[in-house]
Amino acid sequence: MAAPDRASTHGTNSGRDRVQSGESERERPAVTGAPLDGDAQPGSAEAATTGGKKRRGKRRRRPNRAERRAEKPFSSSQPERAGDVSPHQQAPPFGQAATAEPVRDPVRSLWAAADGQTWMTRPKDVARKRDEGAREGPGRAHRPGQGARRIAAPVVLDPAGAQRLYAALDLGTNNCRLLVARPETRGFRVVDAFSKIVRLGEGLGHHNRLSEAAMDRAIEALGCCRDKMRDRGVDRVRLIATEACRAAENGPLFIERVFEETGLALEIATRETEARLAVAGCASLVDPDANGVVLFDIGGGSSEIVWLDLRNRCGARGVALTRFIRDWTSLPVGVVNLAERHGGRHVTADIFEAMVQDARQHLEAFSLGRELTEAICDGKVHMLGTSGTVTTLAGVHFGLKRYDRRRVDGAWMDADDVTAMIERLRAMPYEERVGNPCIGADRADLVLAGCAILEAIRRRWPCQRLRVADRGLREGILMELMSADRVWRRKDPPKYRGRGRKHK
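To keep things clear, this report deals only with the structure shown in the data block. Remember, it's a predicted structure, so these values are computed and weren't measured experimentally.

Conventions used here
- Per chain, residues are indexed from 1 in the order of the written sequence.
- Local features in a predicted model are, by the rule used here, given only for residues with pLDDT of at least 70; side-chain atom pairs are given and counted only at 80 or more, and totals for whole chains, interfaces and linings are based on all residues.
- The side-chain quantities take in all heavy atoms of the structure and omit both hydrogens and water.
- Only strands that DSSP links by at least two bridges are regarded as paired with each other.
- By definition, any uninterrupted DSSP run of H or I lasting at least four residues is a helix, any uninterrupted run of E lasting at least two residues is a strand, and each is numbered from the N terminus.
- What makes two residues a contact is simply this: any of their non-hydrogen atoms within 4.5 Å.
- The axes are straight lines fitted to the C-alpha atoms, using for helices just the contacting stretch, and the angles between their N-to-C directions are given from 0 to 180°.
- For this document, the term salt bridge refers to a Lys or Arg side-chain nitrogen within 4 Å of an Asp or Glu carboxyl oxygen.
- Each residue is placed in one exposure class: buried if its accessible area under a 1.4 Å probe, protein chains only, is under 20% of its type's maximum, exposed if it is over 50%, and partly exposed if it falls in between.
- Here is the rule for angles: anything less than 35 degrees is roughly parallel, anything more than 145 is roughly antiparallel, 65 through 115 is roughly perpendicular, and the remaining ranges are oblique.
- Each residue is assigned to one of three groups, with Ala, Val, Leu, Ile, Met, Phe, Trp, Tyr, Cys and Pro labelled nonpolar, Asp, Glu, Lys and Arg labelled charged, and all others, Gly among them, labelled polar.
- In a helix, the anticipated span is given by 1.5 Å times the number of residues less one.
- The directions from the helix axis to the C-beta atoms are what the arc is built from.
- Only buried Ala, Val, Leu, Ile, Met, Phe, Trp, Tyr and Cys residues count toward a nonpolar core, and they belong to the same one when joined by side-chain atoms within 4.5 Å.
- Classification of ring pairs rests on two measures: the distance between centres of Phe, Tyr or Trp rings, Trp counted by its six-membered ring, which must be within 6.5 Å, and the angle between planes, read as stacked under 30 degrees, edge-to-face over 60 and tilted in between.
- Whether a charge lies above a ring is judged from NZ of Lys or CZ of Arg, which has to be within 6 Å of the ring centre and within 35 degrees of the ring normal.

Some remarks on the sheet that holds strand β4 (residues 166–171)
For step 1, the next point in the chain: Ordered by their spatial adjacency, five strands build an open sheet running β6-β5-β4-β7-β8, and the pairing between neighbours is mixed. Lying at the two open borders of the sheet, with one neighbouring strand each, are β6 (187–197) and β8 (267–268).
For step 2, the next point in the chain: Bridge count for β4 against strand β7 (residues 236–241) is six bridges, and the pairing is parallel. Within the sheet, the bridge partner assigned to Leu171 lies in β7 and is Ala241.
For step 3, the next point in the chain: Contacts between helix α8 (residues 212–232) and the sheet are confined to β4, β5 (175–184), β6 and β7, with β6 contributing the most and set at about 155° to the helix.

Structure (structure tokens):
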């Protein structure tokens, strides 16, 4: 039963009498103030004189508990004063101006993510749900914390999508990586993988062209990826090439050569696409209580930095977090070209500082750098790194005798731990870095360049926590492909009805 309007109950029949007479709340004009001068109020002495017959006023029904709750203003615990807005015309939230007409329809925002949907309601709807819960009985009554969010239905995997195989290939400046996966209820299961260091961007900074030896190494690795996808019977695939092919003069010619020799159609991804895919691939590692994330991907030829502003994410998760990218930037420095300019084998303290300054000067062009600094100081913001540099740091930090992805992926490191690991790697001679099981000969001359880029980012935006991600573009590609095919869907939530009603 709807709560009676205070202004309309003064001197009139109760809400129960109006329903019995067939008059609805919408048809009955609301009384917004005192009667005009000269008009007689029913039940007064003047009315008895003019009507010729004295009427006995009906006893006013006392509202029940649910009605009294609905009459109280939602946003204030103070008693009503003259001129206050009635419960049916509460001031709208979010600082909007109040209107004369009451808001009858609930205003809800739907955030559709790959892992489901979340309904968010305004405070006015909470009072409405509370009233409805009280009318439906004790078992359906509103409890604190309910009503503002609709319980999401369980995730269901599309049977047709569960039989498909998806593949994602990332040809970067330093690595060639492949991932083959099959969808599962809460993500995907890796069926096959391939990774090989090809150093496609070797010498690119000096000649602005891809060398013949580098292209031969890359095509050989791509041939192995083609065989794996063909043997597995992959249904859908996306193959991307990043900074090396973007910056090289003969990049398009190399893409044509790859197609002629391997049959693989590579796509040269833009920096913006690369940043978005990095977010999609690492979204599950974002702290659910964080107000923001500084995500960075230190590559071989470029480094992408993304600011996720999550202060108003409203429970969004998964791929949906890509819609909360506040700003991003791409630095034209990576571990390969930075090591080529400054040297990577024997790195002194002065050389390392020069690499840090080389990377930091590109960070000054970030348009929202000052706002990001203020957000870090005000709220819960952490870093999220998706690169070989941070995985190497984590492996050395844990003292692994052999690299273990299960120990590294998702690990948290404090700012002091990161500083200690960078200093430890700087103190290592080149031969010791080669012998470390988490570094090896392939990364021994590149790891300090990556540490310099990470140090430049930390000096610009000092966060107290860093989460390590052994995932990135390939996982983002797979998530976007599977989401586009709608392999995950939600069951229709059960419809709760009142007592005495039959379920259809």
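Looking at the pattern of salt bridges
For step 1, the next point in the chain: Per the stated rule, a full pass over the model turns up 32 salt bridges.
For step 2, the next point in the chain: In this structure, Asp192 and Lys228 form a salt bridge, with 3.4 Å as the shortest nitrogen-oxygen distance. Placement of the pair is Asp192 in strand β6 and Lys228 in helix α8, with a sequence separation of 36 residues.
For step 3, the next point in the chain: The buried category is assigned to Asp192, whose relative accessible area is 15%.

Examining the packing of helix α15 (residues 388–398) against helix α17 (residues 415–427)
For step 1, the next point in the chain: For the pair α15 and α17, the least separation of the axes is 10 Å and the interaxial angle reads 90°. In terms of axis orientation, α15 runs roughly perpendicular to α17. For the pair formed by α15 and α17, the contact residues are Leu393, Val396 and His397 on the first element and Asp417, Met421, Ile422, Arg424 and Leu425 on the second.
For step 2, the next point in the chain: Each residue belonging to the contact of α15 with α17 can be placed in one class, and the counts come to five nonpolar, one polar and two charged.

Topic: helix α10 (residues 251–262)
For step 1, the next point in the chain: For α10, spanning twelve residues, the distance from its first C-alpha to its last is 16 Å, which sits close to the expected 16 Å at 1.5 Å a residue.
For step 2, the next point in the chain: Within the sequence span of α10, burial applies to Gly251, Phe254, Ile255, Val258 and Thr262. One side of α10 holds all its buried residues, which, seen down the axis, span an arc of 105°. Seen from the buried face of α10, the exposed residues on the opposite side, beyond 90 degrees, are Leu253 and Glu260.
For step 3, the next point in the chain: If you follow the buried residues of α10, they end up packed against β4, α8, β7, α9 (243–247) and β8.
For step 4, the next point in the chain: Just downstream of α10 lies Gly263, where phi reads positive at about 80°.

Considerations on the pairing of strand β14 (residues 465–468)
For step 1, the next point in the chain: Strand direction decides the pairing type here: strand β12 (residues 381–385) and β14, joined by three bridges, are parallel. Note that in β14 the partner of Gly385 across the bridge is Val468.
For step 2, the next point in the chain: In terms of strand pairing, strand β13 (residues 412–414) meets β14 through three bridges, oriented antiparallel. Paired with Trp412 across the bridge in β14 is Arg467.

Some remarks on the nonpolar core
For step 1, the next point in the chain: Phe296 and Leu425 are the most contacted members of the largest nonpolar core, which totals 54 residues.
For step 2, the next point in the chain: Among all residues touching Leu425, those that are not within four sequence positions of it are Leu393, Val396, Arg433, Ile439, Val447, Leu448 and Cys451.
For step 3, the next point in the chain: One finds Ile240, Val279, Ala316 and Ala469 within the second-largest nonpolar core, a separate group that totals 34 residues.

Here we look at the packing of aromatic side chains
For step 1, the next point in the chain: What the rule picks out here adds up to one aromatic pair.
For step 2, the next point in the chain: Here the aromatic rings of Phe366 and Trp461 are separated by 5.3 Å at their centres, their planes lie at 75°, and the arrangement is edge-to-face. Residue Phe366 is located in the loop between α13 (349–363) and α14 (369–378), and its partner Trp461 is located in the loop between α20 (447–460) and β14; the two are separated by 95 residues in the primary sequence. Each member of the pair, Phe366 together with Trp461, is buried.
For step 3, the next point in the chain: The ring of Phe398 carries the charged tip of Arg407 above its face, separated from the ring centre by 5.0 Å.
For step 4, the next point in the chain: In this structure, Arg465 packs its charged tip against the face of Trp412, placed 4.1 Å from the ring centre.

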